[in-house]
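Fold and contact review
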Amino acid sequence: TCQAEVYNTFVITKNSGFSVQDYNSYLASIGLTKYSEWRLSSAASSLSGKKLLWCGDSIGVGYYEHYYPGTSGTSCTSKNKNNGEHPAWAKRITNLLDMASPQNTSKGGASLSTKRSNVTNIFTQLKNNASNTYDYIIIEGGSVDVGGSNGVKAPLGKLSSSYDLSSFDGENTFVGALERSFYYATSKAPNSHIAFIIAYSMPEHPNNYNAWNEYWQYVPYVCEKWG
C-alpha cells in the first residue's frame, strides 16, 4: 500500500520505540519525504470519516503493539486488551487515514468454511455484520482452510454458475464458503466497496504450503465472478 520507490526502504530500531519524527527525518535525508506525507496528513485524506468493516481470522485480530505509525505510543493497546481491541490492520488503517473507528469481527482460528465449528467462520461474520453502514468491507482469510491451526484441509469445492445461495457448493468447502462470503457481502452491502485479501507471505509449513498453491489459484476466478 505504498509507492514503489519505498518498497525496499526500511527503518530498523533496536530496544527502542518507533519515532515518527526520526522516521520523517530519515526519509527527508534520502529525498523520500513526499511519499510519507499522504499517510501522515490524514486531514486531507479522501477517506476521512469513512467506515470500515473487517472480517477475518487471527491475522485480522492482530496483536498488541507498543508503537505503530500514526500514534505517539500513548494510545496503543496492551497485551490484555484493556480497551477492548488490538490495533491490528483495521485500526492501523483507520488511524493513518483519519477514517472512523472500524468494526473488526475477526476471530482467531476462523475459517472461510465451517471447518472450525467452535469459531464464528468468516461468511457468518459477514452474514451477521455486513450492511451499507460501511463504506469499505475487507474480507481476509483462508489460511485456516488450507491447513492452518490443525493441518487439516477443508475440501476445495467447485465454483457455481449461479448467484443463488442454494446453488453454491457445501459450506464446508473452501470455494463454497468464499462464494457465501461474497453473497452476503454484496447482498447486504450493495453500496459498499468490497475487497478480499490474503496474507502475501506465509511460512512454507508442510501442513499448508502445498495447499496454498493448490487452493489459491482458484480465488481470482471466484473474485472475478462476484465483481
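Right, let's get into the overall build of the protein. Counting its regular elements, the protein contains eight helices and four strands. Starting at the N terminus, the α and β elements of the protein follow one another as α-α-β-α-α-β-α-β-α-β-α-α. Looking at the protein residue by residue over its 227 residues, the buried ones come to 37%. Summarising the internal contacts of the protein: among those between residues at least 6 apart in sequence, 66% fall at separations of at least 24. Surface exposure of the protein reaches about 12,500 Å², of which carbon and sulfur atoms provide 49%.

The next thing to look at is the packing of aromatic side chains. The relative placement of two aromatic rings is captured by the distance of their centres and the angle of their planes. For the coordinates displayed, the defined rule picks out nine aromatic pairs. Between F174 and W216 the ring centres are 5.5 Å apart and the planes differ by 85°, which places this aromatic pair in the edge-to-face class. Taken together, the residues span a long stretch of sequence, with F174 in helix α6 (residues 174-188) and W216 in helix α7 (residues 209-216) at a distance of 42 residues. Under the relative-accessibility criterion, F174 is labelled buried at 1%. Residue classification places W216 among the buried residues on the basis of a relative accessible area of 11%. Cluster of aromatic residues (ring-pair linked, three or more members): F123, Y163, F168, Y183, Y184 and W226. Against the face of Y163 rests K225, its NZ or CZ located 4.9 Å from the ring centre.

Analysis parameters
- Residues numbered from 1 in each chain as written.
- Predicted model: local features only at pLDDT ≥ 70, side-chain atom pairs only at ≥ 80, totals over all residues.
- Heavy atoms only, no water.
- Helix = DSSP H or I, 4+ residues; strand = E, 2+ residues; numbered from the N terminus.
- Buried < 20%, exposed > 50% of the residue type's maximum accessible area, 1.4 Å probe, protein only.
- Contact = heavy atoms within 4.5 Å.
- Areas by Shrake-Rupley, 256 points an atom, 1.4 Å probe, with all protein chains shown as cover.
- Phe/Tyr/Trp six-rings, centres within 6.5 Å; stacked < 30°, edge-to-face > 60°.
- Lys NZ or Arg CZ within 6 Å of the ring centre and 35° of its normal.

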